[in-house]
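Chains, contacts and geometry: an overview
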Amino acid sequence: MNIRFLIYIVLLFLGVLKINAQETAILKGKLVDIKNNPIEGASVAVVGSSKGDVSDKNGLFSITIPANQEVIVGITFIGYTPVREKFKLAPNEVFVYDVELKNSTTNITEFELKEEQNRTETMVKIKPNLASGFMSSSGSFEAILKTLPGVSSNNELSSQYSVRGGNYDENLIYVNDIEIFRPFLIRSGQQEGLSFINSDMVSGIEFSAGGFAAKYGDKMASVLDVTYKEPDDFGGSVTMSLQGANVNFGGASKNHRFTYLNGFRYKSNKYVLQSLDTDGDYRPSFYDIQTYLTYDISEKWEIGFLGNVARNKYYFIPGTRETEFGTINEALQLTVYFDGQEVDQYQTYFGALTNTFKPKENVELKFITSAFRDLEDEKYDIEGGYRIDELERDLSKDNFGDVKFNRGVGTYLDHARNQLDATVFNFEHKGKIYKSNHTTFWGLKYQHEDIIDKINEWGIIDSTGYLTPHPLDSVGYVNPAAQSLQLLELNEVLKSRVTLQSNRYSGYLQRSYTWEKDTTKYAFSIGARGNYWDLNKEFLFSPRGSFSIQPNWKHDYLFRLSGGVYYQPPFYREMRAFDGTINKDIKSQVSYQAVLGADHNFNAWGRPFKFVAELYYKHMENVIPYEIENVRIRYYARNNAKAYATGADFKINGEFVKGVESWFSMSVMKTAEDLNDDFYYDYYNSDGEKIITGYTANNTVVDSVKIEPGYIPRPTDQRVNFSLYFQDYIPRLPSFKMHIALYYGMGLPFGPTNTHERYKATFRMPDYRRVDLGFSYHLKSDKKEFKGNNPIKHLKNVWLSAEVFNLLQISNVISYLWVEDVSGRNYAVPNYLTSRQLNIKLHVDF
């Protein structure tokens, strides 16, 4: 079987495909729910075969089945009772089979297509139950995305992710068709708190790593589209762990016209943060409350409300830090003694009201009004007294690894009093019309932004008694009037107050076609977006399209081509320069994208599998360069670069162990940028040596050479990324399960901070490597009955889990602390992420 499995992969790459000559028939129909609404995304498949289809937006499906023999066709969708039916059709017969699916909580059976998705589109569907149960140090919904091809992250404390060379700000996130925003001032993963999406409230997830359709917004990297549940009956869940607690409950009225869904989350990563290098008093406290309400005024009119209140507070009193770094030939140790504290508060308020009309069965009109308020407060005064020591590296010495001698001592002081008040208001209309072979989408949107930003931060360094930057000496002066003016220079000062108001107008039109000819399926989508921003008076036009073909071959293949023009109008963060000033003339970044993909459904070891491969190229202009430190992105606020990103993504998923799904993802990528105005000089002394501050003895310049760096790696240039999520269970005790998540990412570029010279960021961090291991036991399920007065019998499901984060105790680097001595020599001291941690979790469904 292993040889057969490898042959399938080779066939996909080489295109050595055989056409099936077997006589077939066609089974097609429409899937609806009890309200006669079409069901999109349901799996229709021949039991025991990988051949199948997924119902489209109209609930329509069509599959090819063998003729002149009895076959069993299964229909499944999460939340509905599975259907099985026997068919025996004549050659070339077309049989219409319409089905009404009943609501149910029954587990999906083994004939389900294991990766639900509309294969003709660039959006991939993810099962909500996998996302809600996924283990991670951050506990965020987005953790599962980091195992997908093209998605990378080197910070387990953060919910942020990079897609195909883009940064965090290039990702679109929607909940119930409403765009979601995130806080602006967050500097590190430990400050981040809760992401907006509540995993236990989710009913549908779609994700695209690029080449997405025109109906989605104006960003250059990816789109995540999430739909919340509309419960049919009362139910909920409670989750408790060492990281916090979640409570969710929802239900519906007797006539099902009113539904409600509420969630409360509390998170404290104090337990995880105690494993960081810096010892101290960590007091993080994050919580949010969400509600989603719907009411059917009539069969054709539904109103809905989505609300969220989140308050995240990060309180930290640092103590000491001791970090060893360097090489075998130069082993060093940094010891820092801290004084002071940091207090950060991030409060967000979000509300959205939706009105959905269906004047006809095939027409949907939606009107959305939403408002987002973000109040951020960042305060810290932290003084660090540090010493740099060289360690004994001679293995023959008794004091091997101990301090050999001191390289220098110093002190730094960082101060900040920053506040940001941002309000974003939206009014939007979206519509769609379903036809037999095509669907038309359109939308119009108005957005108003009101931002008030106050910045007051500075830093000072005292290295071995000398301030850096080092002022001119006044030693030897007799006449005070002849002495140079002595000023206390700070190494970085930001003081500004910005008030910004602006309006954006956007719209889109898209049409998607599907047809079949000679049992070969085709899909084509074409659309365009328009955008205008009254601040920089810029109008944008963004055409996008996709085409797919699914030949009627013996083996199940599908090929896709998508792409277009993807503009990203600047938001406030891109406009703010390092000195706090705002560039109101900044233009939109633009990315020209092309994505070629193929996927293959096949059977191995008698079980279903899917292999997906995509090649992509992105050419970017008007690029705004930036620097990343931890999760903080700082832009140059100038369109002074061009860039590109190219690579290949691969994923295979299926039942490596019967009955449970696992997957492997691998990405190979390169992204680089060329700044228009970056150059520097190398200086040489009389001995012909290149002058290096802090190292060269003779610093008298006699010659210089101008250097133009050209293309340099972007901050997200992670050349190779690999991830694995694997599940298993004990055959005689299937309630006891094991799951393991493995991550590998090649080191990201980095360079000195506070110089703001991008060409210097060409060093590489160590590779990111991490293994998380979890065990879970299903204490209560539909198959386990409890008798008597046992209170567990009233619950639907009870899971008890134990999770080990960073199983191999690998010290991963997230950023560097740069320490400078009076001679100008800089030391890059790594900031490490979390070490091994244990988490216990109890999950109850009722």
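Along each chain, residue indices are assigned from 1 in the same order as the chain's sequence is written. Given that the model is predicted, a residue must reach a pLDDT of at least 70 before its local features are reported, and side-chain atom pairs must reach 80 or more before they are shown or counted; all residues, however, enter totals for whole chains, interfaces and linings. Hydrogens and water are ignored here; the side-chain numbers use all heavy atoms of the structure.

Overview of the overall build of the chain
When helices and strands are tallied, the chain shows four helices and 47 strands. Looking at the 846 residues of the chain, the share that counts as buried comes to 54%. Counted over contacts in the chain with a minimum sequence separation of 6, partners at least 24 positions apart contribute 68%. The Shrake-Rupley method, run with a 1.4 Å probe sphere, supplies the accessible areas, and residue values consider only the shown protein chains as cover. Here the chain has roughly 37400 Å² of accessible surface; of this, 56% comes from carbon and sulfur atoms. In DSSP terms, a helix is any run of H or I states spanning at least four residues, a strand is any run of E spanning at least two, and both are numbered starting from the N terminus. Relative accessibility thresholds used throughout: buried, under 20% of the residue-type maximum; exposed, over 50%; partly exposed, between the two (1.4 Å probe, protein chains only). In what follows, a contact means two residues having at least one pair of non-hydrogen atoms within 4.5 Å.

Focus: the side chain of Glu206
Mapping Glu206 onto the fold places it in strand S14 (residues 202–208). The convention is simple: Lys and Arg are positive, Asp and Glu are negative, and His and the chain ends are not counted. A pairing counts as a salt bridge when a side-chain nitrogen of Lys or Arg comes within 4 Å of a carboxyl oxygen of Asp or Glu. One buried charged residue, Glu206, forms no salt bridge at all, with the nearest opposite charge on Lys125 at 4.5 Å. When sequence neighbours within four positions are dropped, the list of residues in contact with Glu206 reads Glu121, Met123, Val124, Lys125, Val223, Leu224 and Asp225.

Examining the nonpolar core
Buried together is how nonpolar side chains tend to be arranged in soluble globular proteins. In these notes, a set of buried Ala, Val, Leu, Ile, Met, Phe, Trp, Tyr and Cys residues joined through side-chain atoms within 4.5 Å is what counts as a nonpolar core. If you look at the biggest cluster of nonpolar residues, it comprises 73 residues, and the most contacted ones within it are Ile197, Phe207, Leu224 and Tyr228. Those residues in contact with Ile197 that lie beyond four places of it in its chain are Phe141, Glu142, Ile173, Val175, Val202, Leu224, Val226, Tyr228, Arg265 and Gln290. Judged by nonpolar contacts, the second largest core, of 21 residues, contains Ile39, Ile65, Ala67 and Val73.

A short note on the packing of aromatic side chains
Aromatic rings from Phe, Tyr and Trp, with only the six-membered ring used for Trp, were paired whenever their centres fell within 6.5 Å, and each pair was classed as stacked if the ring planes differed by under 30 degrees, edge-to-face if by over 60, and tilted otherwise. The tally for this structure, following the rule as stated, stands at 40 aromatic pairs. Judged by centre distance (4.9 Å) and plane angle (85°), the rings of Phe578 and Tyr636 are edge-to-face. In this pair, Phe578 sits in the loop between helix H4 (572–575) and strand S30 (589–604) while Tyr636 sits in the loop between strand S33 (632–635) and strand S34 (641–657), placing the two residues 58 residues apart along the sequence. Relative accessible area serves as the criterion here: at 7%, Tyr636 is assigned to the buried category. Ring plane angle 45° and centroid distance 6.3 Å describe the contact between Phe750 and Trp818, whose orientation is recorded as tilted. Here Trp818 lies in strand S45 (residues 813–820) and Phe750 lies in strand S41 (residues 749–750), a separation of 68 residues in the sequence.

Here's the deal with the sheet that holds strand S6 (residues 83–87)
Read across the open sheet, the four strands follow the order S3-S2-S5-S6; overall the sheet is antiparallel. At either margin of the open sheet sits one strand with a lone partner, and together these are strand S3 (52–54) and S6. Direction aside, the axes of adjacent strands within the sheet are offset by 15° on average. Being paired, for any two strands, means DSSP has found at least two bridges between them. Across three bridges, the pairing between strand S2 (residues 43–46) and S3 is antiparallel. From the neighbouring strand, Val44 faces S3, where its bridge partner is Asp53. For helices, the fitted line uses only the C-alpha atoms of the stretch in contact; every axis is such a line through C-alpha atoms, and the angle between N-to-C directions lies from 0 to 180 degrees.

A few points about the sheet that holds strand S12 (residues 171–175)
The strands making up a sheet are joined through hydrogen bonds of the backbone, oriented either antiparallel or parallel. Spatial ordering of the open sheet is given by S9-S14-S15-S12-S13, a layout of five strands whose pairing is mixed. Two strands in the sheet have a free side with no partner beyond their single neighbour: strand S9 (124–126) and strand S13 (178–179). Summarising the sheet, S12 and S13 pair through two bridges and their orientation is antiparallel. Of the residues in S13, the one forming a bridge with Val175 is Ile178.

Quick look at the side chain of Glu803
Position of Glu803 relative to the elements: it lies in strand S44 (residues 797–805). In the analysis that follows, any N or O atom pair within 3.5 Å is treated as a polar contact, provided that within protein one partner can donate a hydrogen and the other can accept it, and provided that, for residues neighboring in sequence, both atoms belong to side chains. Within the structure, the side chain of Glu803 is placed 3.4 Å from the side chain of Lys841, a separation counted as a polar contact. Those residues within four positions of Glu803 in sequence are excluded, and the remaining contacts are Met135, Leu773, Gly774, Gln837, Leu838, Asn839 and Lys841.

Some details on the environment of Lys642
Relative to the helices and strands, Lys642 resides in strand S34. Once the C-alpha coordinates of Lys642 and Leu675 are considered, the two residues, 33 residues apart in sequence, prove to be 6.7 Å apart. The contacts of Lys642, once residues within four sequence positions are left out, are Met620, Val623, Ala672, Glu673, Asp674 and Tyr711.

Quick look at a nonpolar patch on the surface
A cluster of nonpolar side chains, namely Phe234, Val247, Phe249, Phe264, Tyr266, Tyr287 and Ile289, defines an oily patch on the protein surface of about 610 Å² accessible area. Elements that contribute at least two residues to the nonpolar patch include exactly strand S17 (244–252), strand S18 (258–267) and strand S19 (278–298). By secondary structure assignment, the location of Phe249 is in strand S17. By definition, no residue in a patch forms a salt bridge, and every one has over 30% relative accessible area; like charges are joined within 9 Å, nonpolar side chains (Val, Leu, Ile, Met, Phe, Trp, Tyr) within 5 Å.

Remarks on the environment of Arg321
Its place among the elements puts Arg321 in strand S20 (residues 301–326). Owing to a relative accessible area of 6%, Arg321 belongs among the buried residues under this scheme. As for Arg321 and Thr278, which are separated by 43 residues in sequence, their C-alpha atoms are 4.5 Å apart. Excluding its chain neighbours within four sequence positions, the residues that come into contact with Arg321 are Asp277, Thr278, Leu334, Thr335, Val336, Phe338, Leu817, Val829, Pro830 and Asn831. One polar contact links Arg321 to Thr323, side chain to side chain, over a distance of 2.9 Å. A polar contact is formed between the side chain of Arg321 and the side chain of Asn831, at a distance of 2.6 Å.

Points about the pairing of S12
Here S12 lies mainly inside the structure; five of its five residues are buried. Here S12 shows no split at all, with Asn171, Ile173 and Val175 on one side and Leu172 and Tyr174 on the other all buried. As judged from the five bridges shared by S12 and strand S15 (residues 222–228), these two strands associate in the parallel manner. In the strand pairing of S15, Val175 is matched with Val226. Taking the residues between adjacent antiparallel strands as the criterion, S12 and S13 are bridged by two residues, where Asn176 takes a positive phi near 55°.

A closer look at unusual backbone geometry
Despite not being glycine, Arg164 has its phi angle at roughly 50°, a positive value. A relative accessible area of 4% means that Arg164 is categorised as buried. Unusually for a residue other than glycine, Asp177 sits at a positive phi of about 70°. If you trace the backbone, Asp177 turns up in the loop between S12 and S13. Residue classification places Asp177 among the partly exposed residues on the basis of a relative accessible area of 24%.

Notes on the confidence of the model for the chain
On average, residues of the chain score 85 in pLDDT, and 90% of them reach the 70 mark or higher. What pLDDT expresses is the predictor's confidence in each residue, scored from 0 to 100. Here helix H1 (residues 2–14) is the element of the chain with the lowest mean pLDDT, 43, and strand S28 (residues 538–550) is the one with the highest, 95. Taken together, the stretch residues 1–21 has pLDDT below 50 and engages in 33 contacts with residues farther than four places along the chain or on a different chain. Overall, residues 105–117 carries pLDDT values under 50, and its contacts beyond four positions in sequence, including any with other chains, amount to 48 contacts.

Side note on the pattern of salt bridges
On inspection of all chains with the given rule, the structure shows 35 salt bridges. Asp377 serves as the salt-bridge partner of Lys379, at 3.8 Å between the closest nitrogen and oxygen. When its relative accessible area of 38% is taken as the criterion, Lys379 is described as partly exposed. Classification of Asp377 by relative accessible area gives buried; the value is 15%. Salt-bridge contacts for Arg758 lead to Glu673; the nearest nitrogen and oxygen are separated by 2.8 Å. Of this pair, Arg758 sits in the loop between S41 and strand S42 (763–764) while Glu673 sits in strand S35 (residues 660–675), placing them 85 residues apart in sequence. Here Arg758 falls in the buried class, since its relative accessible area comes to 4%. Several salt bridges share partner residues, and in doing so they unite Arg164, Arg560, Asp599, Lys610, Glu614 and Asp649 into one network.

Let's talk about the environment of Gly217
Structurally, the position occupied by Gly217 is in the loop between S14 and S15. Measuring from C-alpha to C-alpha, the distance between Gly217 and Tyr566 comes to 9.0 Å, with 349 residues separating the pair along the chain. In this view, Gly217 contacts Leu172, Tyr174, Phe212, Arg529 and Arg544; residues no more than four positions away in its chain are not counted.

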